[in-house]
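Overview (structure and organization)
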Amino acid sequence: MKSQAITIYCLMLYLATECSHPRSKTHIKDGDKLQGPEGKPKTERMQEKCHGPCTTSSNCSQPCVQHFRGEIGFICNGNKWQKSTETCTSLSVETLFMDLNNTSRFSVAAPFIPLHIVDYQAPEPIESVAQVIQMNCPLDYACIIDVVKSSEATSGNIAFIVKLLKNISTHLSDNVTQEKMKSYFKVANHILDKAVIPNWAFIPDKNAGSDLLQSVNWFARRFRIQNELEHITDELFIQTKGLHINHNTSERSFSFSMNVSNTTEGILGMIEVPRQELWKLPPNASEAIGIAFPTLGAVLKEAHLQNASLPRQVNGLVVSVILPERLKQILFTFEKINKSRNTRAQCVGWHSRKRRWDENVCETTLDTASKVKCWCNYTNVLMSFSILMSPMSVDNKVLDYITCIGLSVSILSLIVCLIIEATVWSRVVVTEISYMRHVCIVNIAVSLLTANVWFILGSNFNKKAQNYNWCVVVTFFSHFFYLSLFFWMLFQALLIVYGLLVVFRRMMKSCMMAIGFAIGYGCPLVIAVTTVAITVPGKGYMRHGACWLNWDNTKALLAFAIPALLIVAVNLVVVLVVAVNTQRPSIGSSRSQDVAIIIRISKNVATLTPLLGLTWGFGIATLIEGTSLIFHIIFALLNAFQEESEGLRSSGWHHAGGATSSEDRTGNS
């Protein structure tokens, strides 16, 4: 009776205080989250913005509203104050257990009792919460649920709950029962609500999401399954299932279906333990536990992410697995959240020590418009897996058809080119210039033909299970021969300049051959070998899902793009030099001669432009993120015609009737 009287008195005193001193008015705003007594989400601004002068990059802070500890940080952006951080919290060790000594709890008012009613000098450290839980509710940890679920979901409270769960998983993970699991996951579910997710952005500690994931995994790891197949927890934003496995069981799997923020239907995820992995287990039963998160991917911030301007977006459930130590590989099936045809998926595992997604631990075995299958390696630091969006990938049937037809015509033309060059070789190599001109043609054709063959090998190889070492070989030779194509084009351009500008002094054929092969094959070899040596040790040589140079992580593709585009620029200068030199009419020229000169200039430009690869300049547009599909199609078309023209032009257009051209006879190419 005495405790009840004290409770009623405190409640009356609280209500009287609130009536005589009404709370300051607050305004609704998306992104700042709190929950009412029924647990329904709503949003509220914790404090008005700064009122001082706003200059670029300046910042300020404001105290939280009454009954909250901490402050809100603002930064000036575009002459407007924008919220950057928030540490406002109403939770503490004291508020978690303040009403446990009362005989009857406050059903409505207790969760909203302001902090100034609690008589203490300073908050107890979060490390002491384990001792208090052990004293008050050691069997199920349920004594903290009501206060947590009724607390306002500010950024500061989210950070406090993350620390609370981390402390529990560290100090209270012995003898984890299903009742403890349910209480633990109810608390975690409160801060994973899709309406709460925007508030994670204002937590100063960017590792909060990673800490939560690691704490949940560690706590679930200590749980022991009782039944054959068990639904351990079934919250809206975190689900847990477990099953018994041994070496005699067939392939075992369990699936999840959960809603995410921008979908109306459930997103599926499946975990499969392969048969060959089950054979590694002892006869006695072992356990496998799976945990699925539909919203956690949005709050996992990667640390030390190099060469990335934007965070990598998760495109499926985040799924954690707890397996016996003998199992090292597991198969996942993820349904895509974004099912756009122009996006591909990248299977990844979350590295708990590096705090980032690791794409080297998973292989993509299937990637369709709606789902992805991943074959991943499992370790104690790689227990959580998902798929990332790769917006740079373009998958379109029109583009595939253009590439296939272009390669076929190119290969056929190049073979014809080499046959005709071998047939008429003795009749066309009259002078040193003409000899080197046809040496260039042959080596350009060989480089392009060989590069196309390696490209086809790499494309077909991507459709099968990839072998890393073989894919490195395919990428290296594709890179080398495509570079050789460009450097032989460069040498041919230099040869044209040499033939035009140098008249009286000629270089020996052997010297010209040595320079040609040094430029045509030596320079590409140096670039290709250097690229491999720098990027392969960190597994950043190849792009995901293709045997070609990496762009997303190490920018290894620049080792091809930069030399190619520089050579294109040099060739453009050569075209201008040819045009200027051929504009000089001889003495006594007539009007018809002027017309002939104009036609000759036009032929030079029209022939040299595709031959010297100027159309590859359009390729730079395809390196820009979010490029329209039309740029990829135009680039594929231009290069297909370029390759065809190279083959046909070299196949005899300038050798009609088996005779040498006038240019060959005069020594000018």
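Each chain has its residues counted from 1, running along the sequence as written. The model is predicted, so local features are restricted to residues of pLDDT at least 70 and side-chain atom pairs to those at 80 or more, both for listing and for counting; the totals for chains, interfaces and linings are taken over all residues. Values reported for side chains reflect all heavy atoms of the structure, with hydrogen atoms and water molecules removed beforehand.

Rules: UniProt positions are given in the numbering used here, feature names are shortened, and annotations may be inferred rather than shown by experiment.
The chain has the name Adhesion G protein-coupled receptor F4-like isoform X6 in an unreviewed UniProt entry, where Balaenoptera musculus is given as its organism. Quoted verbatim from the Subcellular location (unreviewed entry) heading of the UniProt record, the comment on the chain is "Membrane". We quote the UniProt Sequence similarities (unreviewed entry) comment for the chain here in full: "Belongs to the G-protein coupled receptor 2 family. Adhesion G-protein coupled receptor (ADGR) subfamily."

Observations concerning the sheet that holds strand β8 (residues 252-258)
For the record, the criterion: For two strands to be treated as a pair, DSSP must find no fewer than two bridges joining them. Each helix corresponds to a stretch of at least 4 residues labelled H or I by DSSP, and each strand to a stretch of at least 2 residues labelled E; elements are numbered beginning at the N terminus. Between N-to-C directions, angles cover 0 to 180 degrees, with each direction set by a line fitted to C-alpha atoms, over the stretch in contact for helices.
Spatial strand order, β8-β9-β12-β16-β15: five strands in an open sheet with antiparallel pairing. Of all strands in the sheet, those with a lone pairing partner are β8 and β15 (362-367), marking the two edges. Between one strand axis and the next, the sheet turns through 20° on average, direction left out of account.

Some details on the side chain of His 351
Stated precisely, the cut-off is as follows: Note on contacts: a residue pair is in contact if any heavy atoms of the two residues lie within 4.5 Å.
Mapped onto the elements of the fold, His 351 is located in strand β13 (residues 344-351). Contacts of His 351, omitting those with residues within four sequence positions, involve Arg 356, Asp 358, Val 381 and Leu 382.

A look at the packing of aromatic side chains
A ring pair, where both rings are aromatic, is described by two values, the distance of the centres and the angle of the planes. The test is simple: Only rings of Phe, Tyr and Trp enter the pairing, Trp through its six-membered ring, and a pair is recorded when the two centres are within 6.5 Å. The plane angle decides the type: under 30 degrees is stacked, over 60 is edge-to-face, the rest tilted. Relative accessibility decides the category of a residue: with a 1.4 Å probe and only protein chains considered, values under 20% of the type maximum give buried, values over 50% give exposed, and everything between is partly exposed. Lysine and arginine charges are scored as sitting over a ring when NZ or CZ, respectively, is within 6 Å of the ring centre and within 35 degrees of the ring normal.
What the rule picks out here adds up to 20 aromatic pairs. Ring geometry for Trp 425 against Tyr 435: centres 5.7 Å apart, planes inclined by 75°, an arrangement best described as edge-to-face. Highlighted residues: Trp 425 in helix α9 (residues 397-428) and Tyr 435 in helix α10 (residues 432-462), separated in sequence by 10 residues. Under the relative-accessibility criterion, Trp 425 is labelled partly exposed at 26%. Taking the relative accessible area as the measure of exposure, Tyr 435 reaches 18% and is therefore buried. Between the aromatic rings of Trp 488 and Phe 491, the centroid separation amounts to 5.9 Å while the plane-to-plane angle is 85°, which identifies the pairing as edge-to-face. Of this pair, Trp 488 and Phe 491 both sit in helix α11 (residues 468-501), separated by three residues, roughly a single helical turn. Comparing Trp 488 with Phe 491 shows no difference in burial state: the two are buried. Among the aromatic residues, those joined into a cluster by ring pairs are Trp 454, Trp 470, Phe 476, Phe 477, Phe 480, Phe 481, Trp 488, Phe 491, Phe 517 and Tyr 521. Taking the ring centre of Tyr 435 as reference, the NZ or CZ of Lys 509 above it sits at 4.3 Å.

Some details on a nonpolar patch on the surface
Test applied: Like-charged residues within 9 Å of one another, or nonpolar side chains (Val, Leu, Ile, Met, Phe, Trp, Tyr) within 5 Å, are grouped into patches, provided each residue has over 30% relative accessible area and no salt bridge. Using a 1.4 Å probe, accessible areas were evaluated by the Shrake-Rupley method; residue-level cover was limited to the displayed protein chains. Salt bridges, as used here, are contacts in which a Lys or Arg side-chain nitrogen is within 4 Å of a carboxyl oxygen on Asp or Glu.
On the surface, Tyr 401, Ile 405 and Val 409 cluster together into a nonpolar patch covering about 310 Å² of accessible area. Looking at the element boundaries, Ile 405 is found in helix α9. With a relative accessible area of 55%, Ile 405 lands in the exposed category.

Here's the deal with the nonpolar core
Spelled out, the test is: Here, nonpolar core refers to any group of buried Ala, Val, Leu, Ile, Met, Phe, Trp, Tyr and Cys residues whose side-chain atoms link them within 4.5 Å.
Formed by 96 residues in total, the largest nonpolar core has its most connected members in Trp 200 and Phe 332. When residues of this core are assigned to their parent elements, the largest contribution, eight residues, is made by helix α5 (residues 155-171). Beyond its immediate chain neighbours, meaning those up to four positions away, Phe 332 contacts Met 270, Ile 271, Val 319, Val 321, Val 372, Lys 373, Cys 374, Cys 376 and Phe 385. Counting residues in each nonpolar core, the second largest holds 49 residues, with Tyr 435, Val 474, Trp 551 and Leu 557 among its members.

Here we look at helix α7 (residues 208-221)
Put simply, the test is: Multiplying 1.5 Å by the helix residue count minus one yields the expected span of that helix.
Taking 1.5 Å per residue as the helical rise, α7 with its 14 residues ought to reach 20 Å, and the 20 Å between its terminal C-alpha atoms agrees with that figure. Within α7, 11 of the 14 residues are buried, leaving the element largely enclosed by the surrounding structure.

A look at the state of the cysteines
This is how the line gets drawn: Criterion for a disulfide: a pair of cysteine sulfur atoms within 2.5 Å.
Applying the stated criterion to the full structure yields six disulfides. Between the sulfur atoms of Cys 347 and its disulfide mate Cys 374 the distance is 1.9 Å. Taking the torsion about the S-S bond as the criterion, the Cys 347 to Cys 374 disulfide, at about -70°, is left-handed. You can see Cys 347 sitting in strand β13 and its partner Cys 374 sitting in strand β16 (residues 371-377), a full 27 residues away along the chain.

Re helix α12 (residues 509-535)
In plain terms, the rule: Fitting axes to the seven residues ending at a residue and to the seven starting there, one defines the bend at that residue as the angle between these axes.
Taking 1.5 Å per residue, 27 residues should reach 39 Å; α12 reaches 39 Å between its end C-alpha atoms and fits that length. Approximately 30° is the largest bend angle found in α12, and it occurs at Ala 518. Looking at α12, one finds that the buried residues are Met 512, Gly 516, Ile 519, Gly 520, Pro 524, Ala 528, Thr 531 and Thr 535.

Considering the pairing of β13
Among the eight residues that make up β13, seven are buried, leaving the element largely enclosed by the rest of the structure. For β13 and strand β14 (residues 356-358), the ladder comprises three bridges, and the chain directions are antiparallel. What sits directly across from Trp 350, in β14, is Trp 357. The antiparallel pairing of β13 with β14 creates a hairpin that spans four residues between the two strands, and Arg 355 there sits at a positive phi of about 55°.

What to know about the environment of Arg 355
Quick reminder of the rule: We call two N or O atoms a polar contact when they sit within 3.5 Å, provided that within protein one can donate a hydrogen and the other can accept it, with sequence-adjacent residues counted only if both atoms are side-chain atoms.
Here Arg 355 is to be found in the loop between β13 and β14. You can call Arg 355 buried: its relative accessible area is 19%. Along the primary structure Arg 355 and Glu 302 are separated by 53 residues, whereas in three dimensions their C-alpha atoms are 5.8 Å apart. When sequence neighbours within four positions are dropped, the list of residues in contact with Arg 355 reads Asn 207, Ser 210, Asp 211, Lys 301, Glu 302, Ala 303 and Trp 350. Only 3.1 Å separates the side chain of Arg 355 from the side chain of Ser 210, close enough to count as a polar contact.

Considering the confidence of the model for the chain
Just so we agree on the cut-off: Note on scores: pLDDT gives the predictor's confidence for each residue, bounded by 0 and 100.
Confidence in the prediction for the chain averages 75 pLDDT; 68% of positions are at 70 or higher. When pLDDT is averaged over each element of the chain, α7 comes out on top at 95 and helix α16 (residues 662-666) at the bottom at 33. Scored below 50 in pLDDT, residues 586-602 makes 11 contacts in the model with residues more than four places away or belonging to other chains.

Thoughts on the pattern of salt bridges
By the definition in use, this model includes seven salt bridges. Residue Asp 174 is joined to Arg 222 by a salt bridge in which the shortest nitrogen-to-oxygen separation is 3.4 Å. Of this pair, Asp 174 sits in the loop between α5 and α6 (178-191) while Arg 222 sits in the loop between α7 and β6 (229-234), and the two are 48 residues apart along the sequence. A relative accessible area of 52% means that Asp 174 is categorised as exposed. Look at Arg 222 and you get partly exposed, because its relative accessible area is 30%. The salt bridge partner of Arg 224 is Glu 287, with a shortest N-O separation of 3.8 Å. With Arg 224 in the loop between α7 and β6 and Glu 287 in strand β10 (residues 286-293), the pair connects residues that are 63 residues apart, well separated along the chain. Owing to a relative accessible area of 47%, Arg 224 belongs among the partly exposed residues under this scheme.

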